[in-house]
Amino acid sequence: MQTAALGASLAALGGIRRAAAEEASHPRFRFVFVNHVTTNPFFTATQYGIRDAAALVGADTQWTGSQNSIAAEMIGAINAAIAAKASAIAVSLVDPHAFNDPVERALAAGIPVFAYNADVPPGSGNKRLAYIGQDLFKAGQLMGQRILELVPGGRVALMIATPGQLNIQPRIDGARDVLDKSGRSYQIDIVATGATVNEELSKVKAYYLGHQDVKGLFSVDGGTTQSVAETMEQYGLAAKGVHGGGFDLLPRTLSLIQGGHLDFTIDQQPYLQGYYTVMEMHNYLMSGGLVGPADINTGLKFVTRANVAPYLATKSRFEGSSSEAQFIPRSGPIQS
């Protein structure tokens, strides 16, 4: 009797599992991510997030775009995704207007489009469905608040790799907003550093050597932040009372924070920018548009000497420094 009852129970359980699997079945979606700097190590964690979410929902993904933030190349990637009938497209919207027409073409073809990492300003006319990424202006304001704590007044440099680019310009605008409204006596220098690490380091060093009265060096992008940290180390600026900080989790930046050369960097949690975007795409398609779309702020964390140790000790996919991390081919599928 017990054996028969157990057999009946197992059969019933098997039926429930089969019914659940049938109910949850769906076409194997293909999500295309169009990026502005496809080989930048910052996005290693983002690609891990894409990969992990895609594995959960049973989707295929593609990582494509431009290596050097060339809008025409990104638009070509969007057009290719439309022609290949992608299930959904995610784009880093680094230009306020360049992507309006291709996004509209995708939507007209029935392909939902989401922005991630960088978004257009209000009133741009872009019809993307939602933005998943850091609130960039707010992040800049929070950096500005930290600058107020570190530097009471005097000359401050705000450094940016490529002025006007929408994944970083709002940060510098937010920081300046806080400093300008503080009522303190700041001399603010806006310094463009360039798109490559070598150029950035050269520009940061040249700026410091020409402005040795500076009280703070602060950057809104990862490459320049590393260059600020290296410049502060080379010239012993922390010991001279100069403060510095910036964004992102490049290993060299983290090690120089641990060494006391840089006050902070800001973790914008790039893993979540990939993971949440895949989940929004999947849920939107599965529900026929009833679930979402919704903007998601992936937030920020200040990384300082007090909490940097786990970032250096743990080689994890979540912050992108895994020893297993490799660049995914520019136009190839991400294997889930």
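For clarity, every value in this text was computed on a predicted model and none was experimentally measured.

What to know about the packing of helix α7 (residues 197–210) against helix α8 (residues 222–234)
Turning to step 1, where the next piece is worked out: Running from N to C, α7 and α8 cross one another at 45 degrees; their axes reach a closest spacing of 9 Å. What the angle tells us is that α7 and α8 run oblique. As for how α7 packs across α8, the hand of that crossing is right-handed. Taking contact as the criterion, the partners of V197, E200, L201, V204, K205 and Y208 in α7 are, on α8, G223, T224, Q226, S227, V228, E230, T231 and Q234.

Looking at the packing of helix α3 (residues 71–83) against helix α4 (residues 100–108)
Packed helices, taken two at a time, are described by the angle their axes make and the gap between the axes.
Turning to step 1, where the next piece is worked out: In the contact formed by α3 and α4, the axes pass within 10 Å of each other and the chain directions differ by 10 degrees. When the interaxial angle is binned, α3 and α4 end up roughly parallel. In contact with I75, I78, N79 and I82 of α3, α4 contributes P102, R105 and A106.
Turning to step 2, where the next piece is worked out: When its residues are assigned to classes, the contact of α3 with α4 shows five nonpolar, one polar and one charged.

Remarks on unusual backbone geometry
Residues other than glycine predominantly adopt negative phi, and peptide bonds predominantly adopt the trans conformation.
Turning to step 1, where the next piece is worked out: One non-glycine residue, S69, lies in positive phi territory at about 55 degrees.
Turning to step 2, where the next piece is worked out: With respect to the helices and strands, S69 occurs in the loop between β2 (60–65) and α3.
Turning to step 3, where the next piece is worked out: Residue S69 is classed as partly exposed on the basis of its relative accessible area, which comes to 22%.
Turning to step 4, where the next piece is worked out: You will see that Q269, though not glycine, has its phi angle at about 55 degrees, which is positive.
Turning to step 5, where the next piece is worked out: Relative to the assigned elements, Q269 resides in the loop between β10 (264–267) and α10 (270–286).

Quick look at the confidence of the model for the protein chain
Turning to step 1, where the next piece is worked out: When pLDDT is averaged along the protein chain, the result is 88, and 86% of the positions lie at 70 or above.
Turning to step 2, where the next piece is worked out: Note that pLDDT drops below 50 for residues 1–13; the model gives that stretch zero contacts with residues more than four away or on any other chain.
Turning to step 3, where the next piece is worked out: Predicted confidence is poor over residues 19–23, with pLDDT under 50, and the contacts of this stretch with residues over four places away or in other chains come to zero contacts.

Description of the nonpolar core
Turning to step 1, where the next piece is worked out: Core analysis: the biggest nonpolar cluster contains 23 residues, and V34, I78, I89, V91 and F99 have the highest contact counts within it.
Turning to step 2, where the next piece is worked out: Within the residue set of this core, elements represented by two or more residues are β1 (30–35), α3, β3 (88–91), α4 and β4 (113–116).
Turning to step 3, where the next piece is worked out: For this core, the leading source of residues is α3, giving five residues.
Turning to step 4, where the next piece is worked out: Apart from residues lying up to four places away in sequence, F99 is in contact with A71, M74, I75, I78, V91, S92, L93, V94 and N126.
Turning to step 5, where the next piece is worked out: L158, A175, F218 and F247 belong to the second-largest nonpolar core, a separate cluster that totals 22 residues.

Reading the values: the criteria
- Residues numbered from 1 in each chain as written.
- Predicted model: local features only at pLDDT ≥ 70, side-chain atom pairs only at ≥ 80, totals over all residues.
- Heavy atoms only, no water.
- Axes fitted to C-alpha atoms, helices over the stretch in contact; angles between N-to-C directions.
- Helix = DSSP H or I, 4+ residues; strand = E, 2+ residues; numbered from the N terminus.
- Parallel < 35°, antiparallel > 145°, perpendicular 65-115°, else oblique.
- Left-handed = near helix turned anticlockwise from the far one by under 90°.
- Contact = heavy atoms within 4.5 Å.
- Nonpolar A, V, L, I, M, F, W, Y, C, P; charged D, E, K, R; others polar.
- Buried < 20%, exposed > 50% of the residue type's maximum accessible area, 1.4 Å probe, protein only.
- pLDDT = per-residue confidence, 0-100.
- Core = buried A, V, L, I, M, F, W, Y, C linked by side-chain atoms within 4.5 Å.

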